[in-house]
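# Coordinates in review
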Amino acid sequence: MSLEQVLQYILSGVTNGSIYAIVAIGFNIIYNTTGIINFAQGEFLMLGGMTAISLAAFVPLPLAILAAVVITAIIGALVDFVFIRRLKTPSVLNMIIVTIGLSIVIREIALHVWDEKVRSLPYFTGSEVTSVSILGAYISPQVLWVLGIAAVIVVFLGFFFKFTLTGRSMRACAANMTAAKLCGINTGAMVTVSFMLSAAIGALAGCAISPITQTQYDCGTPLAIKGFTVAILGGLGNSTGAVVGGMVVGMLEAFSISVLPLAYKDAIAITILLLILFVKPSGLLGKKEAAGLKEF
Amino acid sequence: MRFMKHAPVAGLAAAIVIFQLATTLLGREFYLTQLTMAAYYCLVILGLTVLMGYAGQISMGHAAFFAMGGYTTAVLTKLDLSAAAGGLPRLVVDLGLSVTSVNAFGVEVRHLSPWVSLVVAVLLTTTVAFLIGIPILRLKGHYLAMATLGFGIIVYRIVLGTSLFGEADGISDIPAFTLAGGLAVSGDPELRVQNFYIAAVLLLAGLVLLLNLIDSRSGRALRAIHGSEEAANAMGVDTAGFKLMVFVLSAVFACVAGVFLTHFNGGVGPSEADVMKSVTYVAIVAVGGMANLWGALAMGIVLNYLSLRGYFGSYDELVFGGILIVIMLFFPEGLLSARNLKNLKGAAVRLVRGKGGEGADGRP
Amino acid sequence: MAVLEVRGISRAFGGLKAVDDVSFEVASGEIKAVIGPNGAGKTTLFNLIAGALAPDSGEAYAGGLPIHGLEPYRIARHGIARTFQNIKLFPRMTVLESVMVGAHLSGSSGVFATMLRLPASRREEKALRERSMQVLEFTGIAHLAHEDAVSLAFGRQRVVEIARALAAGPALLLLDEPAAGLNIHETNEISEMIMKIRGGGTTVLVIEHDMSLVMNISDSIVVLSSGKKIAEGGPRDIQRNEEVVRVYLGEEDDA
């Protein structure tokens, strides 16, 4: 393997890894405030991408993306208002089934609103033939956009959770819902915010990857499964873990295709995850308690 | 009391016969085809109900066990032993483990008896379920969900990426499974009625076995594990051992269903191992009321049948997703939960009692 | 031979020594009590004996056989059954069914025998049922056999817990604060029941906060304070023991 090739693999691993990490962070935000794994997380990416593609026909690209993010965030809020809030004394399994149901419904509605055609946003800069050379490896400028956006999301979230009142309140909810409630935090509102935030970053990521991976009504589920894998690998609820997990999975996949048939690519990350879980049942950076809590 | 216990099963058997006679009389026997398929899927769902509802362990990868059954029998019974000159194939023929049947091109082929492939499939599934069950069942909550989901994805990817399993096309032209006395599991429209009964008998047998299990020492141990693992363990219940046992048992149910449905369909494809399939099984157990074999059976038959008949056309999945949400929001314990049934029973009892004083209490 | 022998058993949580080098014996046929102020390590000690926690060091023997470090279900097989301080009954099970889980060990038919309802498993089922009904009659709750266990009144749930443990036919019954949260009338009932259980030949080790109950029924008492055993003896000796009065009864006065 030449140095350029290795570099190419690393870049591709980091790109995919950062997408997975964003999806996993989306899972974590909602998980931390509600204990729910939102299986419709992948659909937020799809909705973001699809909405932006449709809007881009009428308005400039940046505006279309912004509107798509806002619209998806509103849909996230609606998901909470219409469904999640109505769950009375939900068990984890009830919540899983509801979000799986949501994922199916959103996907099928998307199929009927749009169709099964594969679409994509235009490249943010340049086109599919432009490429940037980094140390001899050629990459599309869109890859840089993806990496940049992922980095901005991670930094923004770090800032948000550390320094804003809403962010801190959400962390309080994550640590102890009852205590947060007693301190006068509007926990219901925090759940809504977590759904909006999750949907918004999902939508943004969905737009960023659209030019590379393309967008289709059913592209959410595989992404959600990857994101879930990464979230568990890093330890549920742990966003640093999500980034680490994302990179691990991204790299493994990138390099696996040089050894194994492409068809088995999706099984690699999961096999590794299973092996890790068998040794460390709470994930790489997960706390032991988190894995035991919130049983079925 | 014995009567009370067996009455519902007898009722179901009667309903099956009546339904068949009705379809035949009305010239609508084609309904039976999808119902046969639904019955096999229900076998998976029943096994999963015991694992999830009674033992409290989720599995989001049960389609993998179904696929193991289907693909094992597909691969093994497709091997052509006609020209077996020596070695293992010759031995198989000499031991009488092979049968002949006519393939799609009208040529007679000698191949492994499906009975043998059934046994192999069950042994394989048992071994795999046992080996992955030991580490997986140590996990809890979402981690268990992910691990079982992951197992399902791995099997799906293997099936999809391996030429032995026909990759995206799957395996077709699988010979019929001749049981005994002219009975054969096959998609031949001539055999539609008998296949409906074969599936129904298998489903009833599975149901009775599991009902027996639930209402027994082992079943109580399982329900106790779900209720309080700590207390069950303190009472001398080997909780880890029981969980593993039920995991394997439910895997075998899925595998057997896979073997039979594959011979009935005459083919098997990767969609049978798809994650969506596993999720569907879990969802049906949940909407059936989790710890409720009858609820799971009812929802399994209805939802699978409607979906297989394509009642909702391109809205099929949308309706399924909608049903999941609605039932979880308004009937979180399932549509046929003990509580809902009790309310129903209470209403019925009140109706009867309203007429003539004290009604008969069925309590033993 | 002692039904239970505990030798220098210890367990720490972080830096806190919850149980620190505790040793004692429970003789066959006696009622022994473990008392001590809140946080003295009583429940931890129980969990160590019953296997819910593994000891850091020390040993425990049931009828001369080592049980330390075994899983709870294996310890149960050595004839030790327990109740829980915060009641752990099984939801969606009747009282009779719950007690039949307690009798789990007196059966042996496995998953397959019960699925096929083999004659042996049917006989066994009948025997389990009869045995459990006997226990329910013994504990005076036979009339509740078909009620949902967790929807009973709190005091009744306690009795179901005891019945469930008794159904295992244990040589030693561990009762974790059986009178906690009960009124005087119910407490008296429990104390009578403990005497009756001992009368039936079962040795009892009880953790209890209610001093009058302990003094009335116990043959001997172990006193824990901050994880250490500070005294052991008959009720009278304990009442006169100055250190016990200081750490335990003194605290009662403050309360």
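Residues numbered from 1 in each chain as written. Chains lettered and ligands numbered in written order. Predicted model: local features only at pLDDT ≥ 70, side-chain atom pairs only at ≥ 80, totals over all residues. Heavy atoms only, no water.

### Some remarks on the overall build of chain A
The condition is simple: Per the convention used, a helix needs a DSSP run of H or I reaching at least four residues, while a strand needs a run of E reaching at least two, with both numbered from the N terminus. Computation of the radius of gyration draws on C-alpha atoms, with the globule rule given as 2.2 Å multiplied by the number of residues to the power 0.38. Each residue is assigned to one of three classes by its accessible area relative to the maximum for its type, calculated with a 1.4 Å probe on protein chains only: buried under 20%, partly exposed between the two thresholds, exposed over 50%. Should any heavy atoms of two residues lie within 4.5 Å, those residues are considered in contact. For the accessible areas, the method is Shrake-Rupley and the probe is 1.4 Å, while residue cover comes only from the protein chains on display. In this tally, Lys and Arg are treated as positive and Asp and Glu as negative; His is ignored, and so are the chain termini. The location of each charge is read from NZ of Lys, CZ of Arg, CG of Asp or CD of Glu.
A tally of regular secondary structure across chain A gives twelve helices and two strands. Listing the helices and strands of chain A from first to last along the sequence gives α-α-α-α-β-β-α-α-α-α-α-α-α-α. In terms of C-alpha radius of gyration, chain A reaches 19 Å, essentially the compact-globule figure of 19 Å for 296 residues. For chain A, the residues scored as buried account for 52% of the 296 residues in total. Considering only intrachain contacts with a sequence separation of at least 6, the fraction spanning at least 24 residues in chain A is 75%. For chain A, the exposed area adds up to about 12400 Å²; of that, 70% sits on carbon and sulfur atoms. Treating the 16 positive side-chain charges of chain A as one cloud and the 12 negative ones as another, the clouds have centres 14 Å apart.

### Concerning the overall build of chain C
Counting its regular elements, chain C contains ten helices and ten strands. Computed over its C-alpha atoms, the radius of gyration of chain C comes to 19 Å, within 12% of the 18 Å expected for a compact globule of 255 residues. Projected onto the principal axes, the alpha-carbon positions of chain C cover approximately 60 × 40 × 35 Å. Taking all 255 residues of chain C together, 54% fall into the buried category. Taking the intrachain contacts of chain C between residues at least 6 apart in sequence as the baseline, contacts between residues at least 24 apart amount to 68%. Split by element, the accessible area of chain C, about 10800 Å² in all, is 50% carbon and sulfur. Charged side chains in chain C number 26 positive and 32 negative. The centres of these two groups are separated by 8 Å.

### Describing helix 8 (residues 187-213) of chain A
Residues and elements named next belong to chain A. Applied cut-off: To estimate how far a helix should extend, the number of its residues minus one is multiplied by 1.5 Å. Axes are fitted to the seven residues ending at a residue and to the seven starting at it; the angle between these axes is taken as the bend at that residue.
The end-to-end C-alpha distance of helix 8 is 37 Å, a good match for the 39 Å that 27 residues give at a rise of 1.5 Å each. If you look at helix 8, its biggest bend is around 30 degrees, right at C207, and the proline P211 turns up within four residues after that. Burial of helix 8 is extensive: 20 of the 27 residues sit out of reach of the surface. Following helix 8 by one or two positions, Q214 adopts a phi angle in the positive range, close to 70 degrees.

### A closer look at the interface of chain C and chain B
How we decide: By convention, the term buried area covers the 1.4 Å-probe accessible surface removed from two parts as they join, with the contributions of both added. We define a salt bridge as a side-chain nitrogen of Lys or Arg found within 4 Å of a carboxyl oxygen belonging to Asp or Glu. Here a polar contact is recorded for every N or O atom pair within 3.5 Å, except that within protein the pair must consist of a potential hydrogen donor and a potential acceptor, and residues adjacent in sequence are included only if both atoms are side-chain atoms.
Chain C puts 36 residues into the contact, and the matching count from chain B is 31 residues. Interface area lost by chain C to chain B is led by H104(C), M115(C) and R117(C), which between them contribute 22%. Between the two partners, chain C and chain B, sit three salt bridges. With its nearest N and O atoms 2.9 Å apart, the salt bridge here joins R223(B) to E97(C). Linking chain C with chain B are 14 residue pairs in polar contact (both at pLDDT 80 or more), by the criterion used here.

### Things to note about the confidence of the model for chain A
What counts, and what does not: Scored between 0 and 100, pLDDT is the confidence that the predictor attaches to each residue.
Summing up the model confidence of chain A, the mean pLDDT is 86 and the portion of residues at 70 or higher is 95%. pLDDT under 50 marks residues 289-296 of chain A. Its contacts with residues more than four places away, or in other chains, come to 23 contacts.

### With respect to the packing of aromatic side chains
Which entries qualify depends on this criterion: Planes of paired rings set the category: under 30 degrees apart is stacked, over 60 is edge-to-face and the rest tilted, where pairs are Phe, Tyr or Trp rings (Trp by its six-membered ring) whose centres lie within 6.5 Å. Definition used: whenever NZ (Lys) or CZ (Arg) falls within 6 Å of the ring centre and also within 35 degrees of the ring normal, the charge is taken to sit over that ring.
Enumeration over the complete set of coordinates arrives at 19 aromatic pairs over all chains. Aromatic pair Y71(B) and F165(B): ring centres 5.5 Å apart, planes at 75 degrees, arrangement edge-to-face. Taken together, the residues span a long stretch of sequence, with Y71(B) in helix 3 (residues 62-78) and F165(B) in the loop between helix 6 (141-161) and strand 3 (177-178) at a distance of 94 residues. The same class applies to Y71(B) and to F165(B), which are both buried. Grouping aromatic residues by their ring pairs yields a cluster made of Y40(B), W115(B), F177(B), F260(B) and F264(B). When the ring centre of F84(C) is taken as reference, the NZ or CZ atom of K88(C) above it lies at 5.7 Å. Over the aromatic face of F90(C) sits the side chain of R164(C), whose NZ or CZ is 4.6 Å from the ring centroid.

### Considering the interface of chain B and chain A
Between chain B and chain A, the contact holds 44 residues from the first and 48 residues from the second. For the pair chain B and chain A, the two sides together bury roughly 3900 Å², of which 77% comes from carbon and sulfur. On the chain B side of the contact with chain A, H142(B), Y143(B) and M146(B) bury the most area, a combined 21% of that side's loss. Counting across the interface, chain B meets chain A through two salt bridges. A salt bridge links D266(A) to R157(B); its shortest N-O distance comes to 3.1 Å. Across the contact surface, chain B and chain A share seven residue pairs in polar contact (both at pLDDT 80 or more). Elements with a minimum of two residues in the side of chain B that touches chain A: helix 5 (114-136), helix 6, helix 11 (275-287) and helix 13 (316-330) of chain B.

### Observations concerning the sheet that holds strand 4 (residues 57-62) of chain C
Residue and element names in this part refer to chain C. To keep things clear, this is the line we draw: Strand pairing is assigned whenever DSSP detects at least two bridges linking the two strands.
Spatially, four strands are ordered 2-1-4-5 in an open sheet, and the strand pairing comes out antiparallel. If you trace the sheet from one side to the other, it starts and ends with strand 2 (16-26) and strand 5 (65-66), each paired once. Judged from the two bridges that link them, strand 4 and strand 5 form a sheet pairing that is antiparallel. Bridging from a neighbouring strand, Y61 pairs with P66 of strand 5.

### Here we look at the arrangement of the chains
The pair of protein chains exhibiting the most contacts, out of two pairs of chains in contact, is chains A and B. The two units chain A and chain C are non-contacting; their minimal C-alpha-C-alpha distance is 14 Å.

### Focus on a nonpolar patch on the surface
The line we're drawing: In this scheme, patches are assembled from residues that exceed 30% relative accessible area and form no salt bridge. Like charges are connected within 9 Å, while nonpolar side chains (Val, Leu, Ile, Met, Phe, Trp, Tyr) are connected within 5 Å.
A cluster of nonpolar side chains, namely L63(A), L66(A), V70(A), I74(A), L78(A), F81(A) and V82(A), defines an oily patch on the protein surface of about 620 Å² accessible area. Relative to the helices and strands, F81(A) resides in helix 3 (residues 61-82).

### Here's the deal with the nonpolar core
Which entries qualify depends on this criterion: We call a set of buried Ala, Val, Leu, Ile, Met, Phe, Trp, Tyr and Cys residues a nonpolar core when their side-chain atoms join them within 4.5 Å.
If you look at the biggest cluster of nonpolar residues, it comprises 198 residues, and the most contacted ones within it are V50(B), F65(B), L210(B) and F260(B). Setting aside its immediate chain neighbours within four residues, F260(B) contacts Y40(B), L118(B), F177(B), L179(B), V185(B), I198(B) and L202(B). In terms of nonpolar packing, the next biggest core, distinct from the first, is built from 45 residues, A33(C), L152(C), L173(C) and V214(C) among them.

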